[in-house]
Amino acid sequence: MSNIQVNIQAGEKAVGVRGWLAVAAVALGIFTVITAELLPVGLLTPIGSSLAVSDGTTGLLVTVPGLVAAVCAPLLTVVSGRLDRRLVLAALMALVALAHVVSALAGHFAYVLGARVLLGVGIGGFWAFAGGLAPRLVPAHQVGRATAVIFGGVAAASVLGVPAGTLAGELGGWRLPFAAVAGLSLLVLAALLLLLPPLPAQRGLTTRDLTSLLRRNPRVRTGLTLTALLVTGHFLAYTFVRPVLAERYGISGAAVGWLLLGYGVLGLAGNFLAGALGPRRILLISSALTAALTALALLPGGSVTGALLLLAWGLAYGGVSVALQTWFLTAAPDDIEAATSLNVAVFCLSIALGALLGGRLVDSLPLTAVPAAAAALVLAAALVAHRKETRS
């Protein structure tokens, strides 16, 4: 082998290593913003008790950032113009850090809620830009794996972020995990600046680009429908998993944190299984199983039943995020940033809507209304996925 060939291979290997380090930094960023968004799920009861508000009202800490993120995802892709995406991601991560410093120090619910508005800006923007970066960081034949790694950050937030936050809240109070996320955000900020290459915008997006994509691409419209139904149904139940486990199955305290850890581990397994099954099939399977499992939560049972249902739910739902993103990458390969921003907008809006609907149900109806409503919405998603499957 000639020296020239050796040098070329060494150069390609170095570029490949740098690309995967950049992918890891983006995945860690996704992990951080999703952990931040869902952190109140495992801390709902202690936050509400500390700040003298109901569980339903505390659920606004998930609703509000979701609503803000839904608006900011497409908005920031338009107003950012041709700014370097590396610098934009770093600025958004700094905003996430600031929001958690304010939350950790706040003495009134209104201040925590205000900080969650700032967080929503960071979530919507970061996810919209990061979701479509894989093709710019690794060679074409590695894009699928890199996308799974980046969106593995979503599942990893369930595996480590939410359960660790729940356990930390049990040990040191609910402010401790908020402070920890602030510190993690600063570490991610440094990693983004050090590991990402310059990422100039490939072209500036306009509002017309987004509306045009919606009009002319039926696969994008179907994907957004699936996102809305599946994610709304999931988070209607998941946001209030702590009070459901306590009231329905007698599971509370540190046991919730450990069960959420198991939920997340199985969710991470589901995330990587999704790559093997393909987006349409995994969305059909995930929505059907999630509908069945949430419906089973209507039946009485003890702590073992509740634990098994939660763990199975984690496996069933784990592949949804990467499957949805893969759907949009294949549905609009020439409009990845526009398609991703629309998906993130609907995804975040659905998280907010699920938390809002769940909060109203928790405060006004028996707790069984939560899994019943969730099952109905997710079943509708399964029917949409089935229709698309049978037409293909």
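Just so we're clear, the structure is a prediction, and the values are computed from it rather than from any experiment.

## Some words on the overall build of the protein chain
The secondary structure content of the protein chain amounts to 17 helices and zero strands. Scaling as 2.2 N^0.38, a compact globule of 392 residues should have a C-alpha radius of gyration of about 21 Å, and the protein chain matches this with 20 Å. Summarising its shape, the C-alpha atoms of the protein chain cover approximately 70 × 50 × 45 Å along the three principal directions. When each of the 392 residues of the protein chain is scored for burial, the buried share is 56%. Taking the contacts inside the protein chain whose residues are at least 6 apart along the sequence as the reference set, 87% of them involve residues at least 24 apart. Surface summary for the protein chain: the accessible area is close to 15200 Å², and the carbon and sulfur share equals 70%. Side-chain charges in the protein chain split into 23 positive and 12 negative, and the spacing between the mean points of these groups amounts to 6 Å.

## Some words on the confidence of the model for the protein chain
For the protein chain, mean pLDDT is 82; residues scoring 70 or higher make up 92% of the total. Here helix H1 (residues 3-51) stands out as the least confident element of the protein chain, with mean pLDDT 75; helix H8 (residues 175-195) is the most confident, with 95. Residue range residues 3-14 is modelled with pLDDT below 50. Its contacts to residues more than four positions away, or to other chains, number two contacts.

## So, helix H10 (residues 218-238)
Across its 21 residues, H10 extends 30 Å between first and last C-alpha, which sits within 8% of the 30 Å expected from 1.5 Å per residue. Of all the 21 residues making up H10, 15 are buried; the element is thus mostly covered by neighbouring parts of the structure.

## Describing the packing of helix H15 (residues 320-331) against helix H16 (residues 336-364)
Closest axis-to-axis distance for the H15/H16 pair is 9 Å, and the angle between their directions is 145 degrees. In the crossing of H15 with H16, the sense of the turn from one axis to the other is right-handed. Along its contact with H15, which presents Ser321, Leu324, Gln325, Phe328 and Leu329, the element H16 presents Ile336, Ala339, Thr340, Asn343 and Phe347. For the contact of H15 with H16, a count of residues per class yields six nonpolar, four polar and no charged.

## Quick word on the environment of Arg116
Within the secondary structure, Arg116 sits in helix H5 (residues 109-130). Classification of Arg116 by relative accessible area gives buried; the value is 1%. On a C-alpha basis, the gap between Arg116 and Ser103 in space is 7.9 Å, while along the polypeptide they are 13 residues apart. Residues in contact with Arg116, not counting those within four places in the same chain, are Ala36, Glu37, Pro40, Leu61, Pro65, His100 and Phe178.

Criteria and thresholds
- Residue indices begin from 1 for each chain and proceed along its sequence in written order.
- Note on the predicted model: pLDDT of at least 70 is required for a residue's local features to be given, and 80 or more for side-chain atom pairs to be given and counted; whole-chain, interface and lining totals, by contrast, use all residues.
- With hydrogens and water set aside, each side-chain value is computed from the structure's full complement of heavy atoms.
- Helix and strand labels come from DSSP, where a helix needs a run of H or I of at least four residues and a strand needs a run of E of at least two; each type is numbered from the N terminus.
- As a reference, a globule follows 2.2 Å times the number of residues to the power 0.38, and the radius of gyration itself is taken over C-alpha atoms.
- Note on classification: 1.4 Å probe, protein chains only; a residue is buried when its accessible area is under 20% of the maximum for its type, exposed when over 50%, partly exposed between these limits.
- Working rule for contacts: check all heavy atoms of both residues, and any pair within 4.5 Å makes them a contact.
- Only the protein chains shown count as cover for residues, and all accessible areas are computed by the Shrake-Rupley method using a 1.4 Å probe.
- Positive charges are assigned to Lys and Arg, negative charges to Asp and Glu, while His and the chain termini are left out of the count.
- Where a charge sits is defined by one atom per residue type, namely NZ (Lys), CZ (Arg), CG (Asp) or CD (Glu).
- Note on scores: pLDDT gives the predictor's confidence for each residue, bounded by 0 and 100.
- Multiplying 1.5 Å by the residue count of a helix minus one yields the expected span of that helix.
- Axis lines are fitted through C-alpha atoms, for helices just across the contact stretch, and the angle between N-to-C directions can take any value from 0 to 180 degrees.
- Two helices crossing with the near one rotated counterclockwise from the far one by less than a right angle form a left-handed crossing, whereas a clockwise rotation gives a right-handed crossing.
- In this classification, the charged set is Asp, Glu, Lys and Arg, the nonpolar set is Ala, Val, Leu, Ile, Met, Phe, Trp, Tyr, Cys and Pro, and all remaining amino acids, among them Gly, are polar.

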